[in-house]
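Chain residues, written in single-letter form:
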Amino acid sequence: MATNQASAEDLIPPAPLPPAGDAPQKPKTEKELEKERQKAEKLDKFNAKKAKLAAEKAAASTAGAPAKKKEKKTKAEPVVEYIEKTLKGQKKILKSLDDPAYKSYNPTVVESAWYDWWEKEGFFEPEFTKDGEIKPEGVFVIPAPPPNVTGALHIGHALTIAIQDTLIRWNRMLGKTVLFLPGFDHAGISTQSVVEKTLWRQEKKTRHDLGREKFTQLVWEWKGDYHKRIKNQLKKMGASYDWTREAFTLDDNLSRAVTESFVRLHEDGLLYRANRLVNWCCALTTTLSNLEVENEELTGRKLLSVPGYDEKVEFGIMVSFAYELEDGSEKVIVATTRPETMLGDTAIAVHPDDERYKHLIGKKAKHPFVDRLLPIVGDDYVEKDFGTGCVKITPAHDANDYAIGERHNLEFINIMNDDGTLNESCGEKFNGMKRFTARKVVIEELTKLGLYVETKDNPMQVPRCAKSKDVIEPIMKPQWWVSQKSMADAAIEAVRKGEIKIKPATQEKEFFNWLEKIQDWCISRQLWWGHQAPAWYVHLDDDEPHNGPGALQERWIVARSEEAAKEQAKAKFPGKKFTLDRDPDVLDTWFSSGQWPYSIMGWPDKTPDMSNFYPNTILETGWDILFFWVARMIMLGIKMTGQVPFTEVFCHSIVRDSEGRKMSKSLGNVVDPLDIISGIPLQQLHDKLLTGNLDPKEIERALQYQKTAFPEGIPQCGSDAMHFASVVDGYRKFCNKMYQATKFALMRLGDGYIPRANKELTGQESLVELWILHKLNKAAQDTNKFLEARDFLRATDAVYQYWLYDLCDVYIENSKPLILEGTPEQKRSAQDTLYTCLEGALLLIHPFMPYITEELWQRLPRRPEDTTITVCKAVYPQFTPEFENEKAKKDYDLVFDAVKAIRSLTSEYNIKDRAEVYIHAKDAETFKTVSEQKSSIQALVKGLESITAVSEGSELPEGLTANVISDKCTVYLMVKGRVNVNAEIEKAQKKISKLEESRKRLEKAMAVKDYQTKVKKDVQELDQRRLVDYEAEEKTLGELIEKFELLRA
């Protein structure tokens, strides 16, 4: 368990006051502080060694004492409290690995102090040449997708950050000028919504009770709190952002960019104001874009929960009713899924060629509830064979009806208030009634009048607000719109020409499909939190009354400031007295975040950052916002700057819970990354649910999920384990493996070890050294290749396999006899190789695990003239032709195959000690390799008493069992007197039967007519090797049976 880092006051005792007249003490220089840090490290190591020696002495003194009776249960050792003594921002004081707190890997200990030092030293800031230019190695820029200040980050964000930071750290180690620019999004609808809910829950007040100014100030306070929390999360996760360039979408410079884009689009005729149908959310009282609407598919009748209603509302139905003609001569039957909208009907449409209704075109029907006549019009849109062939037309509340209304010059009647209640246009009975209450009442009243016909199940889509889950209402509203067609065409062309690459490539098709069908974008939002539209309405002093504020299009002025708007108004209305009213609406959040790549670089000014870092290199994000955000960034970037905003888009998968669901607070599956890093008990997870805005039902559902998913809470895993794979407990164990391996390697190197000036081969390397250097080389080659291809799974696997199965499991174990028992030359060579391969391993994995690699790399001695002060700036391992050695790999793979064969045999026959092994090498090269590497095999297998290499089968004694490695090598284990002979003969016979079956199947496949021409050569070669191995194993087992028969006789 760790406490917070010590402050300067905690560590430095107060100095005595100087005598009167003395000058104040000079602050210590960086050099003096560094000397003190090094002195503290040495003192700490000395004390740790002293304590260790004392413990050993005490143990020796009691060695001869009579043994105490063994206790049944030993009490667990108390957890050593770790107190970080490093001053904030200073390089970490490295305690001795003999210190109790360093006994095993502890994320709290390993991850302390480093981030503050990295940040203070400016390691995350872009590095330029002495002339201030981009380095020759190139430039790499990621504009971090700005998290919403709505609330804290969850594990989905952790995946995004891990991928981005891995790419950033890798490119930084490649020597490039690297920028990872952090920022935050004001998230208009989301943030305002959560603050409004909190205000109501805590004070039973609405934003209107406070007024715009006070409410906006409240949201700024919320932003300040969550900005601080999110920033802390990002730092704990090790994200190497350049915090000196931190941005927020409501910063003055970013807001200026938003205003500039709005004005330019208006000047170019791409931004206009129009009274059109919009997606209206009654719960949030704002417009939404199509992308913010989620369609819920229904197969038939279903009751759905709707905000603001205690009872569920029925959907998935088709209600039929009749309109009576004006003259009462007949009735016309129509059908609708939204009965309440009939209060806004202004016409009935039929197909002009429908013989049933031709005679009705031009006539009128009576509305049963309001004083309104509905003309019957003929329109090709109507399908004669669908339903009754008659369609009710509500132009102000349906997209298709809107088009018919325009074609036939129908009346557009809005029947709904912003809060979803009906207005006076619906008549006295319905005025003020909630829309879905009216749905029931309309059917009841139609029934009374004898006009109701029937209700049927009807498959349909119910449009829902992605934020509030309210049912969306199409409503006529005067709003600001952006024409996107020309910008979409430019974006499509940029991707088709390869100026922007979208990965995975499968996302390109979706990208093209959406842009080719793009519609105009409504960017007005009826909110208070966000960028207020830079548009003013001109009220002339001698105005005649006109329909509503802002009704006259020619009165709108779009300008960069109110002063500029006044000048435009003077020019437009010379000699007139006027007042200006600014549009109270704010702009869609995606309009401002769509300008993220260039606004954060200082646009519209020609700043050094715009010159150096725009276009950005890669935009990494989830595929789910490819259209919300990525497409809009590309469109606006090309339009505003004339260049693509970035050259690559990488879309990662969406993090889901154990039941395949997306992250959602109401489901209880949102996990705070800090809870994975530090661990958290189940009860505290429960307690966190109570601090949000969930209703009691959602809390109960969330509690149940948490009990199922985290029955014992979440164990502490550390930032590195999460960074490495965005998974939890398993990779903490891997961290411990790395940690212990490095501790062991440092012990083998010894305190006085000084690495050679370079890592070139000396010619003294043993086979296992050449093999591990080849493996390091291959891991470096693969990791670089897979990171370049953005194949993170294979990149992490390459470095993981090298660390775990090559370095830890093989070389570190195999180097023991060379270092402890070899000649001075062998020892030095093995140590040099150990150093090269361990340092290479730490550097390879650093982009994936920043903290543990810094902690361990700092403990390694540096090569002469290597002045690198942090692993962040070390050179990333590359393919080294000198280390490429296929022969060494082949020879040592034989050794390791022999090891695996011995382990398999001793396990199968339960022989744990005094194992006698014979290896039959059937050619000179194999015999030479096996003979020379017996000590390597001995080092990797426990319980071996002897290993004998033979070149002839006649040299093998009786009583052996076998494991065939290949047609050139077989491993034998002496089992005489240790096993049941009859059982072994039976076992060998069963193996032969299975081998015969496998061989015959393979021979049959190889005998197929077109095998030689259709099967690839490498597959044919593999088949031939398998056939030879089957035959060799059958022969060996047959010989074994003969020898076991002799033992039985």
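Residues numbered from 1 in each chain as written. Predicted model: local features only at pLDDT ≥ 70, side-chain atom pairs only at ≥ 80, totals over all residues. Heavy atoms only, no water.

**Student:** Hey, could you run me through the nonpolar core in this one?
**Tutor:** One broad trend across soluble globular proteins is that nonpolar side chains are buried collectively. In this structure, W803 and I937 are the most contacted members of the largest nonpolar core, which totals 161 residues. A per-element tally of this core places helix 25 (residues 792–821) first, with 14 residues. In contact with W803, not counting residues within four places along its chain, are F734, M738, A741, T742, C808, L838, A841, L842 and I845. Residues L254, V263, F511 and F613 belong to the second largest nonpolar core, which totals 63 residues. (Core = buried A, V, L, I, M, F, W, Y, C linked by side-chain atoms within 4.5 Å. Buried < 20%, exposed > 50% of the residue type's maximum accessible area, 1.4 Å probe, protein only. Helix = DSSP H or I, 4+ residues; strand = E, 2+ residues; numbered from the N terminus. Contact = heavy atoms within 4.5 Å.)

**Student:** Could you clarify how one ought to interpret the packing of aromatic side chains in this entry?
**Tutor:** How two aromatic rings sit relative to each other is set out by the distance from centre to centre and by the angle between their planes. In this structure the tally under the stated criterion is 35 aromatic pairs. Residues Y800 and Y805 carry aromatic rings whose centres are separated by 6.4 Å and whose planes lie at 85° to one another, so their mutual orientation is edge-to-face. Every member of this aromatic cluster is reached through a ring pair, and the members are F262, W480, W521, Y537, W556 and F591. Looking at K434, its charged tip hangs above the ring of Y309, at a distance of 4.4 Å from the centre. Above the ring of F512, the side-chain terminus of R496 is found at 4.0 Å from the ring centroid. (Phe/Tyr/Trp six-rings, centres within 6.5 Å; stacked < 30°, edge-to-face > 60°. Lys NZ or Arg CZ within 6 Å of the ring centre and 35° of its normal.)

**Student:** Please clarify how the pattern of salt bridges should be interpreted in this entry.
**Tutor:** Pairs may arise between side chains of opposite charge once their charged atoms sit close together. Here the structure, examined in full by the defined rule, presents 68 salt bridges. Measuring nitrogen to oxygen at the nearest pair gives 3.8 Å for the salt bridge that ties E445 to K429. Of the two residues, E445 sits in helix 11 (residues 435–448) while K429 sits in the loop between helix 10 (399–407) and helix 11, which places them 16 residues apart along the sequence. Taking the relative accessible area as the measure of exposure, E445 reaches 14% and is therefore buried. Of the charged contacts in the structure, one is a salt bridge between K456 and E454, with a shortest N-O distance of 3.5 Å. (Salt bridge = Lys/Arg side-chain N within 4 Å of Asp/Glu carboxyl O.)

**Student:** How should the packing of helix 24 (residues 767–788) against helix 26 (residues 824–845) be read in this particular structure?
**Tutor:** When two helices pack together, you describe them by how their axes are tilted relative to each other and by the distance separating the axes. Put simply, helix 24 and helix 26 touch, their axes get as near as 10 Å, and they point 15° apart. Between helix 24 and helix 26, the interaxial angle falls into the category roughly parallel. When you trace helix 24 past helix 26, the crossing you get is left-handed. Listed contacts from helix 26 to E769, I772, L773, L776, A779, A780 and T783 of helix 24 are S829, A830, T833, T836, C837, G840, A841 and L844. Across the contact of helix 24 with helix 26, the residue classes break down as 9 nonpolar, 5 polar and 1 charged. (Axes fitted to C-alpha atoms, helices over the stretch in contact; angles between N-to-C directions. Parallel < 35°, antiparallel > 145°, perpendicular 65-115°, else oblique. Left-handed = near helix turned anticlockwise from the far one by under 90°. Nonpolar A, V, L, I, M, F, W, Y, C, P; charged D, E, K, R; others polar.)

**Student:** How should I be thinking about the environment of N458 in this particular structure?
**Tutor:** In this structure, N458 sits in the loop between strand 16 (452–457) and strand 17 (460–465). Sequence-distant contacts of N458, defined by excluding residues within four places in its chain, comprise G300, G316, I317, M318 and T337.

**Student:** In this structure, what is going on with the sheet that holds strand 23 (residues 556–558)? I would like to understand it.
**Tutor:** Strand pairing in a sheet relies on backbone hydrogen bonds, with the paired strands running either antiparallel or parallel. Taken in spatial order, the 3 strands line up as 23-22-24 in an open sheet, and their pairing is antiparallel. Looking at the sheet topology across the chains shown, the edges are occupied by strand 23 and strand 24 (578–582). When strand polarity is set aside, the average angle formed by the axes of neighbouring strands in this sheet is 35°. Relative to strand 24, strand 22 (residues 535–540) runs antiparallel, the two being bridged by 5 bridges. Across the sheet, the residue bridging to V538 is L580, located in strand 24. Where helix 14 (residues 562–572) meets the sheet, it contacts strand 22, strand 23 and strand 24, and its direction lies at approximately 135° from that of strand 24. (Pairing = 2+ DSSP bridges.)

**Student:** Where do I start with the environment of L682 in this structure?
**Tutor:** By the secondary structure assignment, L682 is in helix 20 (residues 682–689). Distance in space between the C-alpha atoms of L682 and F710 is 6.7 Å, their sequence separation being 28 residues. Setting aside residues up to four positions removed in sequence, L682 forms contacts with Q706, K707, F710, P711 and G713.

**Student:** How should the pairing of strand 10 (residues 317–325) be read in this particular structure?
**Tutor:** With 8 of 9 residues buried, strand 10 lies mostly within the body of the structure. Summarising the sheet, strand 10 and strand 16 pair through 5 bridges and their orientation is antiparallel. Its bridge partner lying in strand 16, S320 is registered against E454. The pairing of strand 10 with strand 11 (residues 331–336) spans 6 bridges and is classified as antiparallel. Each residue of the ladder has a partner; that of E324, found in strand 11, is K331. Hairpin geometry of strand 10 and strand 11 is characterised by an intervening segment of 5 residues between the two adjacent antiparallel strands and by a positive phi of about 75° at G328.

**Student:** Quick question: what am I supposed to make of the side chain of T216 here?
**Tutor:** Its location among the elements puts T216 in helix 8 (residues 212–236). Overall, T216 belongs to the buried group, its relative accessible area being 18%. Side-chain polar atoms of T216 contact the backbone oxygen of R212, separated by 2.6 Å. T216 has contacts with W528 and W529, leaving out every residue within four places of it along the chain. (Polar contact = N/O pair within 3.5 Å; in protein donor to acceptor, adjacent residues only side chain to side chain.)

**Student:** I tried to follow the packing of helix 24 against helix 25 on my own but got confused; where do I start?
**Tutor:** Remark: helix 24 packs on helix 25, axes separated minimally by 9 Å, with the N-to-C direction vectors making an angle of 170°. Relative to helix 25, the element helix 24 is oriented roughly antiparallel. Note that helix 24 runs across helix 25; the crossing there is left-handed. Counting all contacts with helix 24, which are made through V768, E769, W771, I772, K775, L776, A779, D782, T783, F786 and L787, the residues of helix 25 involved are F792, R794, A795, A798, V799, Y802, D806, L807, V810, Y811, N814 and L818. Here the contact of helix 24 with helix 25 is composed, by residue class, of 16 nonpolar, 2 polar and 5 charged.

**Student:** How should the confidence of the model for the chain be read in this particular structure?
**Tutor:** For residues with low pLDDT, the predicted coordinates do not support detailed interpretation. Here the chain shows a mean pLDDT of 87. Residues at 70 or above account for 88%. Mean pLDDT across the secondary structure elements of the chain bottoms out at helix 1 (residues 8–11), with 33, and peaks at strand 2 (residues 177–181), with 98. Scored below 50 in pLDDT, residues 1–26 shows 27 contacts in the model against residues more than four places distant or in partner chains. Confidence drops under pLDDT 50 across residues 58–76; counting only partners more than four residues distant or on other chains, this segment forms 0 contacts. (pLDDT = per-residue confidence, 0-100.)

**Student:** Just to check I follow, could you spell out the sheet that holds strand 6 (residues 286–288) for this structure?
**Tutor:** Read across the open sheet, the 4 strands follow the order 6-5-18-20; overall the sheet is antiparallel. Edge positions in the open sheet fall to strand 6 and strand 20 (521–522), since each of these has one partner strand only. In this sheet, strand 6 lies alongside strand 5 (residues 271–281) in antiparallel orientation, the contact comprising 3 bridges. Across the sheet, residue C281 finds its bridge partner in strand 6, namely T286.

**Student:** Even after reading the chapter, I still don't get helix 9 (residues 252–267), so can you show me in this structure?
**Tutor:** Three- or four-residue spacings in an α-helix give side chains the same orientation, since the helix completes a turn every 3.6 residues. For helix 9, built from 16 residues, the straight-helix expectation of 22 Å at 1.5 Å per residue is met to within 8% by its first-to-last C-alpha distance of 22 Å. Buried residues of helix 9: L254, S255, A257, V258, T259, E260, S261, F262, V263 and L265, and no others. G269 sits one or two residues past helix 9 and shows a positive phi near 80°. (Expected span 1.5 Å × (residues − 1).)

**Student:** Which parts of the structure should I look at to understand the environment of Y909?
**Tutor:** Along the chain, Y909 falls in the loop between helix 28 (886–908) and strand 28 (915–921). Along the chain, Y909 and V979 lie 70 residues apart, while their C-alpha atoms are 7.4 Å from each other. Beyond its immediate sequence surroundings of up to four residues, Y909 is in contact with T961, L973, V975, V979, E984 and K987.

**Student:** Just checking my understanding: could you explain helix 18 (residues 626–641) for this structure?
**Tutor:** For helix 18, the tally of buried residues reaches 14 of 16 residues, placing the bulk of the element in the interior. Directly beyond the C-terminal end of helix 18, a positive phi value near 80° is found at G642.

**Student:** Hey, could you run me through the side chain of S255 in this one?
**Tutor:** The topology assignment puts S255 in helix 9. A polar atom in the side chain of S255 sits 3.4 Å from the backbone oxygen of L250. In contact with S255, not counting residues within four places along its chain, are T249, L250 and H531.

**Student:** Looking at this structure, I do not really get empty space enclosed by the protein. What am I missing?
**Tutor:** Where empty space is left in the structure can be found by rolling a water-sized probe over the atoms. According to the stated counting rule, one finds 4 cavities of 30 Å³ or more in the structure shown. Empty space within the largest cavity amounts to approximately 100 Å³. What lines the largest cavity is a set of 15 residues, and nearest its centre among them are R756, K759, D832, T833 and T836. Broken down by element, the residue count for the lining of the largest cavity peaks at 4 residues, all from helix 26. (1 Å grid on protein atoms, 1.4 Å probe; cavity = no way out; pocket = protein on both sides within 12 Å on 5 of 7 lines; lining within 4 Å. Points joined across faces, edges and corners; volume = space filled by probe spheres on them.)

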